[in-house]
Amino acid sequence: MQKEKFETGIKGLDEVFKGGIIPPCNILLEGNFQTIKTLGMQFIYEGIVKYNQPAVMMFYEYSPQKLFNDSAKYGWDFFKPQEEGKLEIIYAVPETLVKTLNQRDNILTETSEKIKAKRALIDISYLRNYADEDHVMQGKLNRFFTGLKELELVTMLIQEKYVTEITVLEKYLVDILINFDMVKTKEGKQQEFIEIKRSAHQDIIVGKHQLKMNRNGAEIIPYFSEIAEKKEGPKG
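Residues numbered from 1 in each chain as written. Predicted model: local features only at pLDDT ≥ 70, side-chain atom pairs only at ≥ 80, totals over all residues. Heavy atoms only, no water.

Peer 1: Report on the layout of surface pockets, specifying residues and quantitative values.
Peer 2: One simple way to see leftover space: roll a probe sized like a water molecule over the atoms. The calculated volume of the second largest pocket comes to roughly 230 Å³. Around the second largest pocket sit 15 residues that line it, and Q103, R104, N106, T109 and G147 are the ones nearest its centre. For the lining of the second largest pocket, the secondary structure elements donating two or more residues are α5 (94-102), α6 (107-115) and α7 (134-150). At five residues, α7 tops the list of elements feeding residues into the lining of the second largest pocket. Taken together, the residues that form the lining of the second largest pocket break down as five nonpolar, six polar and four charged. (1 Å grid on protein atoms, 1.4 Å probe; cavity = no way out; pocket = protein on both sides within 12 Å on 5 of 7 lines; lining within 4 Å. Points joined across faces, edges and corners; volume = space filled by probe spheres on them. Helix = DSSP H or I, 4+ residues; strand = E, 2+ residues; numbered from the N terminus. Nonpolar A, V, L, I, M, F, W, Y, C, P; charged D, E, K, R; others polar.)

This is the structure:
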């Protein structure tokens, strides 16, 4: 029996996944760090506020003050859920993440179990700078990703596109790979799009989906919606 779909809470993204994501799963976001970080934080915030789902975030080289300042731009208050025990934020050095790969019982696992987390956001941008040879890393990553799913988490992993080359290991050990890219429109403007490059056991709308940022965060315009709008013409 198929599990009930898990809504991300991000406007338009659940539509791209035809109602939501089948949990548990690991989602790799590949793109500009500022964009993927913002979307990941929105995923965490919406989960706590809309669905009462505790969450854990793991960052490094990203100070608590900057995190709270960045989130405040969109009206996301992470102080309150922390006080209520619905959110834990782990600030770590890259070596901590590598250590997390090597140990079954680690700070991420312990924290997730403590608050009964349903969502996670983990920055893995510099992982390869601290990694072993590929065949060794493949085993570590496999154990790491399997461990996240054993915790029944829906996890967004963020990796800046231009920091390290994303290899086959990451692309095919995760369940979903979402690519973020800038495309030049016919009018000569730069517009950001997302595309689902990998989607194991997930039903999706194929195509490049427009990404818009507004004061409430990210909004995805599904590909078929763009086509319908062009066919119908402007409203009003």
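Peer 1: Tell me about the confidence of the model for the protein, residues and numbers included.
Peer 2: Scored by pLDDT, the protein has a mean of 85; 86% of the residues are at 70 or more. Confidence drops under pLDDT 50 across residues 226-236; counting only partners more than four residues distant or on other chains, this segment forms four contacts. (pLDDT = per-residue confidence, 0-100. Contact = heavy atoms within 4.5 Å.)

Peer 1: An account of the packing of aromatic side chains is needed here, citing residue identities and associated values.
Peer 2: Under the counting rule described, the total for this entry stands at seven aromatic pairs. Taking the centre distance of 5.7 Å and the plane angle of 90° together, the rings of Y45 and F78 count as edge-to-face. On the criterion of sequence distance, the pair formed by Y45 in helix α2 (residues 33-51) and F78 in the loop between α3 (64-72) and α4 (79-83) is long-range, its members being 33 residues apart. In this pair, the class of Y45 matches that of F78, namely buried. (Phe/Tyr/Trp six-rings, centres within 6.5 Å; stacked < 30°, edge-to-face > 60°. Buried < 20%, exposed > 50% of the residue type's maximum accessible area, 1.4 Å probe, protein only.)

Peer 1: I'd like a rundown of the side chain of N106, residues and numbers included.
Peer 2: Structurally, N106 can be placed in the loop between α5 and α6. A residue is classified by how much of its surface remains accessible, and N106, at 8% relative accessible area, is buried. Among the polar contacts made by the side chain of N106, one reaches the main-chain amide nitrogen of T109 at a distance of 2.9 Å. (Polar contact = N/O pair within 3.5 Å; in protein donor to acceptor, adjacent residues only side chain to side chain.)

Peer 1: Lay out the nonpolar core with the relevant residues and their values.
Peer 2: Formed by 41 residues in total, the largest nonpolar core has its most connected members in M57 and F78. Here this core gets eight residues from one element, more than from any other, and that element is α2. With sequence-adjacent residues up to four places away left out, M57 is seen in contact with M41, I44, L67, F78, L87, E88, I89, I90 and L121. Grouped together as the second largest cluster of nonpolar side chains are 25 residues, L101, I115, A120 and L177 included. (Core = buried A, V, L, I, M, F, W, Y, C linked by side-chain atoms within 4.5 Å.)

Peer 1: Please set out α6 residue by residue, giving values where relevant.
Peer 2: Of the positions making up α6, those classed as buried are L108, T109, T111, S112 and I115. Buried residues in α6, looked at end-on, bunch into an arc of 170°, giving them a common side. Opposite the buried face of α6, by more than 90 degrees, sit the exposed residues E110, E113 and K114. With a side-chain oxygen positioned 3.0 Å from the backbone nitrogen of L108, the residue opening α6 is N106. Just downstream of α6 lies K116, where phi reads positive at about 55°. (Arc of directions from axis to C-beta.)

Peer 1: Kindly report on the pairing of strand β2 (residues 55-59), identifying the contributing residues and their values.
Peer 2: Most of β2 is tucked away: five of the five residues are buried. Alternating positions in β2 separate into two faces, A55, M57 and F59 on one and V56 and M58 on the other, with burial throughout. Sheet analysis places β2 next to strand β4 (residues 119-123), joined by four bridges and oriented parallel. Bridging across to β4, M58 finds its partner in I122. (Pairing = 2+ DSSP bridges.)

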